[in-house]
Amino acid sequence: MVKVRMRGDADFYALLGPVFGSRQIEKTTHDRFYDDQGKIWYVEDGQGAASVSGATIKNFYAENGDAARAILEKMKERHSRLDGIVPRIYQAAFEQAGFSVNEYKRNFMEVSYEQN
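A brief report on the enclosed structure follows. A quick note: this is a predicted structure, and the numbers were derived from the prediction, not measured.

The rules behind these values
Residues numbered from 1 in each chain as written. Predicted model: local features only at pLDDT ≥ 70, side-chain atom pairs only at ≥ 80, totals over all residues. Heavy atoms only, no water. Phe/Tyr/Trp six-rings, centres within 6.5 Å; stacked < 30°, edge-to-face > 60°. Helix = DSSP H or I, 4+ residues; strand = E, 2+ residues; numbered from the N terminus. Buried < 20%, exposed > 50% of the residue type's maximum accessible area, 1.4 Å probe, protein only.

1. A few points about the packing of aromatic side chains
Centre distance and the angle of the planes are the two values used to describe a pair of aromatic rings. Scanning all chains against the criterion turns up 9 aromatic pairs. Relative to Trp 41, the ring of Phe 20 lies with its centre 5.4 Å away and its plane at 80 degrees, an arrangement referred to as edge-to-face. Note that Phe 20 is positioned in helix 1 (residues 12-20) and Trp 41 in strand 2 (residues 40-44), a separation of 21 residues in sequence. Given the relative accessible area of 0%, Trp 41 is considered buried. Look at Phe 94 and Phe 99: their rings are 4.9 Å apart centre to centre, the planes differ by 80 degrees, and that puts the pair in the edge-to-face class. The class for Phe 99 is buried, based on a relative accessible area of 5%. An aromatic cluster of three or more residues is present, and its members are Phe 12, Tyr 13, Phe 20, Phe 33 and Trp 41.

Below, the structure written as structure tokens:
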């Protein structure tokens, strides 16, 4: 079950601390995860995490396709429009979730979603 959290929630660091400190996640995503104020975090406990600021996806990580799909579906429930630059390794999950995907850089892609 995907949990939605913001910095300041009682269990925020218990859930996301391991993500912020993980070199494996950084290596997998080619991205660093920071606990910036104002981000909404979507957490599949032990399986993935993503953040959104406004309508922009700032971070995305998932252990597997099921976790990626669950996080994306929860994000779409709360946002009618999303865009961002995310790791290319999640291309299939974003496409399956109805996002348009465009080339960006070697390890990243540009994604966008708008609810009909």
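Picking up after the structure, the text goes on.
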